Amino acid sequence: MERWINSLMDTLGAPGAGIAIALENLFPPLPSEVILPLAGFASATGRINLIAALLWTTAGSVVGALALYGVGALLGRERTVAIAAKLPLVKTADIERTEAWFERHGTKAVFFGRMVPVFRSLISVPAGVERMPLPVFLALTTAGSALWNTAFVLAGYALGDNWEQVSRYVSTYSKVVLVVAVGAVLAFVGVRLLKRDPDARRS
């Protein structure tokens, strides 16, 4: 991974870091906690310009998020509801509650979601499904991404050869987030199974 990112930056400069971050948005397993500090380290060694690294990584985040917003917009509400309705243990009321929640908190979810691993990518899809006004989505995504990217690029810049320390800390943070998410899903499934009709369970 490090070799590939370094190759991109050596070949394309700061735009290479932007491309890597755009791909990270589309494929969450690609770790931003490696890409961003490594871009900062490359800036510290003079291989790329620091300001350019900040601008290009933020641009990459916005492009990746916009692509996923487009996926959500293409799916639309009706298709999304139809797909969700076929999922086991999911009820129409769950979808309606999710929609109501997004109407109330969608702007905060898009902004702060840019700072949560995995969800930083996924939050763009419901924004597209609910057709959040594009200027609002772009503004929130740009602001949230700029904060996240700047923090980790500057950390890599400041730490220099020790930039990998940032990756270790964020990796721990990512694992905690995933454990909480998995726990929430398991709790949802457990509650749904307990609430199922006893006759349905016996059948």
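See the structure shown above.
These numbers were taken from a predicted model, which means no experiment stands behind them.

A.B. asks: Talk me through the packing of aromatic side chains; I want residue IDs and the actual numbers.
C.D. replies: Across all of its chains, the model carries three aromatic pairs by this definition. Geometrically, the ring pair formed by Tyr69 and Phe137 is tilted, given 4.7 Å between the ring centres and 35° between the ring planes. With a gap of 68 residues between them, Tyr69 in helix α4 (residues 50-85) and Phe137 in helix α8 (residues 134-159) connect regions that are remote in the sequence. This pair shows no difference in class: Tyr69 is buried, exactly as Phe137 is.

A.B. asks: So what's going on with the side chain of Glu24? Residues and values would help.
C.D. replies: Among the structural elements, Glu24 can be located in helix α2 (residues 14-26). Here the side chain of Glu24 touches Asn25 through a polar contact of 3.4 Å, side chain to side chain.

A.B. asks: How would you explain the side chain of Asn149 if you had to name every residue and give the values?
C.D. replies: As for its placement among the helices and strands, Asn149 is situated in helix α8. A relative accessible area of 0% means that Asn149 is categorised as buried. Sequence-distant contacts of Asn149, defined by excluding residues within four places in its chain, comprise Leu36, Leu54, Thr57, Thr58, Ser61 and Arg120.

A.B. asks: Let's hear about the packing of helix α1 (residues 2-12) against helix α3 (residues 32-44): which residues, and what values?
C.D. replies: In the contact formed by α1 and α3, the axes pass within 11 Å of each other and the chain directions differ by 50°. Taken as axis vectors, α1 and α3 run oblique relative to one another. Once α1 is placed against α3, the crossing between them reads as right-handed. Here Glu2, Ile5, Asn6 and Met9 of α1 lie close against α3, whose contacting residues are Val34, Ile35, Leu38, Ala39 and Ala42. Residues belonging to the contact of α1 with α3 are distributed by class as follows: seven nonpolar, one polar and one charged.

What counts as what
Residues numbered from 1 in each chain as written. Predicted model: local features only at pLDDT ≥ 70, side-chain atom pairs only at ≥ 80, totals over all residues. Heavy atoms only, no water. Phe/Tyr/Trp six-rings, centres within 6.5 Å; stacked < 30°, edge-to-face > 60°. Helix = DSSP H or I, 4+ residues; strand = E, 2+ residues; numbered from the N terminus. Buried < 20%, exposed > 50% of the residue type's maximum accessible area, 1.4 Å probe, protein only. Polar contact = N/O pair within 3.5 Å; in protein donor to acceptor, adjacent residues only side chain to side chain. Contact = heavy atoms within 4.5 Å. Axes fitted to C-alpha atoms, helices over the stretch in contact; angles between N-to-C directions. Parallel < 35°, antiparallel > 145°, perpendicular 65-115°, else oblique. Left-handed = near helix turned anticlockwise from the far one by under 90°. Nonpolar A, V, L, I, M, F, W, Y, C, P; charged D, E, K, R; others polar.

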